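# Tertiary structure, described
Below, each chain spelled out in residue letters.
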Amino acid sequence: MIIPIITLSTYIFLYKMVRAPPEYASFVIVGGTMMAFWANVLWNMSAQFYWEKETGTLEAYMVAPISRMAILLGMALGGFVNTTIRAVAVFIAGILIFQVPIAIYEPVTALLIFFLTIGALYALGMMFASLFLLYGREAWHTANLLQEPIQFLSGTYYPTSSQVVPFMVQLLSSLIPLTFGLDGIRKVAILGQGITAVWPNILALTIFTLILLPLARQALSFMENLGKREGRLTLRWQ
Amino acid sequence: MAVGTILRTVKQAVWLGWKVETNWADPIVFAIYYLVRPVAGLLIVGFIFLIGSFVSGIIDSNLFTFLFIGNSFFIYVIQIMMTMTMLIHEDRAHYEVLKHIYLAPGSLSWYIVGRALNGVMNASVSLLLTLGLGIAIFQYGLGIQVPINWLGIDWGLLGLTLLLGIVCFMGMGFILCGINIMTSKVQFMLTEYVSGILYLFGGVVFLPEILPTWGQQISNALPVTYFLKTVRSSFLHQANFDVQLNLLYLVVTMIGTVLLGLAVFKVAMFKARRDGLIDKKEEY
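All of these numbers come straight from a predicted model, not from anything done at the bench. (Residues numbered from 1 in each chain as written. Chains lettered and ligands numbered in written order. Predicted model: local features only at pLDDT ≥ 70, side-chain atom pairs only at ≥ 80, totals over all residues.)

If you tally the helices and strands in chain A, you get 11 helices and zero strands. Taken from the N to the C terminus, the helices and strands of chain A come in the order α-α-α-α-α-α-α-α-α-α-α. Relative to its length of 238 residues, chain A is compact, with a C-alpha radius of gyration of 19 Å against a globular reference of 18 Å. Across its three principal directions, the C-alpha atoms of chain A cover 55 × 35 × 35 Å. (Helix = DSSP H or I, 4+ residues; strand = E, 2+ residues; numbered from the N terminus. Rg over C-alpha atoms; globule rule 2.2 N^0.38 Å.)

What follows deals with the overall build of chain B. When helices and strands are tallied, chain B shows 10 helices and zero strands. The C-alpha atoms of chain B give a radius of gyration of 20 Å, which matches the 19 Å a tight globule of 284 residues would have. Seen through its principal axes, chain B has C-alpha atoms that stretch 60 × 40 × 35 Å. Within chain B, the fraction of its 284 residues that count as buried is 44%. Here the analysis covers contacts within chain B between residues at least 6 apart in sequence; of these, 81% occur between residues at least 24 apart. (Buried ≥ 20, exposed ≤ 12 C-beta atoms within 10 Å, placed from the backbone. Contact = placed C-beta atoms within 7 Å.)

The phi dihedral of R19(A) is positive, around 60°, even though this residue is not glycine. Accessibility expressed as a C-beta count within 10 Å gives 13 for R19(A), which makes it partly exposed.

The next thing to look at is the confidence of the model for chain B. Scored by pLDDT, chain B has a mean of 89; 98% of the residues are at 70 or more. Of all the helices and strands in chain B, helix 1 (residues 3-22) of chain B carries the lowest mean pLDDT, 87, while helix 8 (residues 213-221) of chain B carries the highest, 95. (pLDDT = per-residue confidence, 0-100.)

All names here are of chain B. One way to put it is that helix 3 (residues 61-94) packs onto helix 7 (residues 187-201) with a least axis distance of 9 Å and a crossing angle of 160°. If you check the angle between helix 3 and helix 7, you find them roughly antiparallel. Crossing geometry of helix 3 relative to helix 7 is assigned as right-handed. Contacts between helix 3 and helix 7 involve F74, V77, I78, M81, M82, T85, M86 and H89 from the former and Q187, L190, T191, V194, S195, L198 and Y199 from the latter. Class assignment of the residues belonging to the contact of helix 3 with helix 7 gives a composition of 10 nonpolar, five polar and no charged. (Axes fitted to C-alpha atoms, helices over the stretch in contact; angles between N-to-C directions. Parallel < 35°, antiparallel > 145°, perpendicular 65-115°, else oblique. Left-handed = near helix turned anticlockwise from the far one by under 90°. Nonpolar A, V, L, I, M, F, W, Y, C, P; charged D, E, K, R; others polar.)

To continue, consider the nonpolar core. Formed by 142 residues in total, the largest nonpolar core has its most connected members in L14(A), Y15(A), V28(A), I48(B) and M81(B). For this core, the element with the most residues is helix 3 of chain B, which contributes 18 residues. For I48(B), the residues in contact, after removing those within four places along its chain, are Y11(A), L14(A), Y15(A), Y157(A) and Y158(A). (Core = buried A, V, L, I, M, F, W, Y, C linked by C-beta atoms within 7 Å.)

Between chain B and chain A, the contact holds 34 residues from the first and 31 residues from the second. Mapped by element, the contributors of at least two residues to the side of chain B that touches chain A are helix 2 (27-56) and helix 7 of chain B. Looking at the side of chain B that touches chain A element by element, the count peaks at 18 residues for helix 2 of chain B. Tallied by class, residues from the side of chain B that touches chain A come to 26 nonpolar, five polar and three charged.

This paragraph deals with the packing of helix 5 (residues 108-141) of chain B against helix 6 (residues 155-182) of chain B. Residue and element names in this part refer to chain B. Between helix 5 and helix 6, the least distance of the axes is 11 Å, while the angle of their chain directions is 125°. Between helix 5 and helix 6, the angle falls in the class oblique. With respect to the hand of their crossing, helix 5 and helix 6 are arranged in right-handed fashion. Residues I112, V113, A116 and V120 of helix 5 lie in contact with helix 6, whose contacting residues are I166, M170, G173 and C177. Residues that form the contact of helix 5 with helix 6 fall into these classes: seven nonpolar, one polar and no charged.

Let us look at the environment of E224(A). All names here are of chain A. As for its position among the elements, E224 is in helix 11 (residues 195-230). Judged by the 17 C-beta atoms lying within 10 Å of it, E224 falls in the partly exposed class. Each C-alpha atom of the pair E224 and R68 lies 9.5 Å from the other, and the pair is 156 residues apart in sequence.

On to helix 3 of chain B. Residues and elements named next belong to chain B. Given a rise of 1.5 Å per residue, 34 residues ought to cover 50 Å, and the 46 Å separating the end C-alpha atoms of helix 3 matches this to within 8%. The largest bend in helix 3 comes to about 30°, at M86. At the exit of helix 3 stands E96, carrying a positive phi of roughly 55°. (Expected span 1.5 Å × (residues − 1). Bend = angle between axes of the 7 residues up to and from the residue.)

All names here are of chain B. Here Q145 shows up in the loop between helix 5 and helix 6. Q145 sits in the exposed class, given 12 other C-beta atoms within 10 Å. Measuring from C-alpha to C-alpha, the distance between Q145 and L198 comes to 27 Å, with 53 residues separating the pair along the chain. Ignoring sequence-local partners within four residues, the contact set of Q145 consists of S61 and Q139.

Glancing now at the environment of D154(B). Residue and element names in this part refer to chain B. By the element assignment, D154 lies in the loop between helix 5 and helix 6. On the basis of neighbour count, D154 is assigned to the partly exposed category, with 18 C-beta atoms found within 10 Å. Distance from D154 to F235, taken between C-alpha atoms, is 6.5 Å for residues 81 residues apart in sequence.

Following this line, the structure appears as structure tokens:
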């Protein structure tokens, strides 16, 4: 819990230096909280096959009579429970430490956007997991690479809808489900808006999930077969 | 130990570090990798600054320059910390070569210095690319004036500050190496804690005066604070009493950090040898 709080504090102090309104500190706290789930998707789900490969247990998963999606779903649920506890702690600690404004008038809408965001993120994570089936350090470094750039593009610590953000950046950010999730949660939890303001976010997140889940299934199957053909499925120290 | 042996050890370690870090990709992919993360990091703080300034109605280019230089040069801290924190874990648990390096004629400490120098090389490349792209994006793309006279940089002061800073960060790295050799699987957490604390309290992207009093006291005790203050002075031509004082603080904190780092590492190695931790196996 301490590491996210340290990061959040830095950005909140930066907003304080430029005398931004207090709700911007709230934006940072929501972003930092959701970052915990993104980190979980990357390292505890996508990269899970990398760990299994390196420790020599991937073979056991491969011979088990279950689908790869089921394995990843199980890992996702386990990771989700742990991450939720951590994320809630970060959220509450952030609010208490920095005394930032929170205004949730429609908790059901907030929860709906949150779960839709989680669904889309974990579907994306399943797709990334296919890369780890075949690649070693390349996939590892790619996952590493998906931290700061995703934080920048998804507007983890600022609203991407600001006039200051160039159109190209906004366009790229709309390709990431996290952007819609963060924007929706901020509108509902900080700005006190309701479902009428966030229905485009709900629609976008639903579409992301519906597209990403079948894609993840295809990608896992394709990479597994490719890995078997090239004999790289259980190759360690790549 | 003979100087020739030390130099050979350092040279081989730099070469090995370069190979380990680069041989997973072709040079262009590797360059992009080393460019994307620091530039994205700069873009995050740059956009926080811009959006925050936009809503408050005041865009202070001096504050932006403060942030721009601080965030760019913090790459040295991150790279050195990351390299020195990960290498014990990688060499001992992942590749299982630490015991061979320990038994080789060269010293393990000089090998670590060599690997850290490789981190310095990578950081220098990242720094140059980040500065160039940062100026291109913020000054020419978004119209933020960055009041740096690139032809008037005090290279002597900058070179001296970099040298002192790098030695100091290596001292911190030896503390982390010592902790890693006595523990297992804390390498990722350790890097994030240390770099996160230094980023928060080191006056990297915001003025330390914004921090509460206790935070300012922590900031005043950290060598990173003086490192970045002196780097900014060399860029912005502030050759006055404060620069000399900051340089003096940097030297004092560097000596303290290096002595502490070597002491921690020596004690850790003694315990590791006694407890059989040098060839300890982990999950691999």
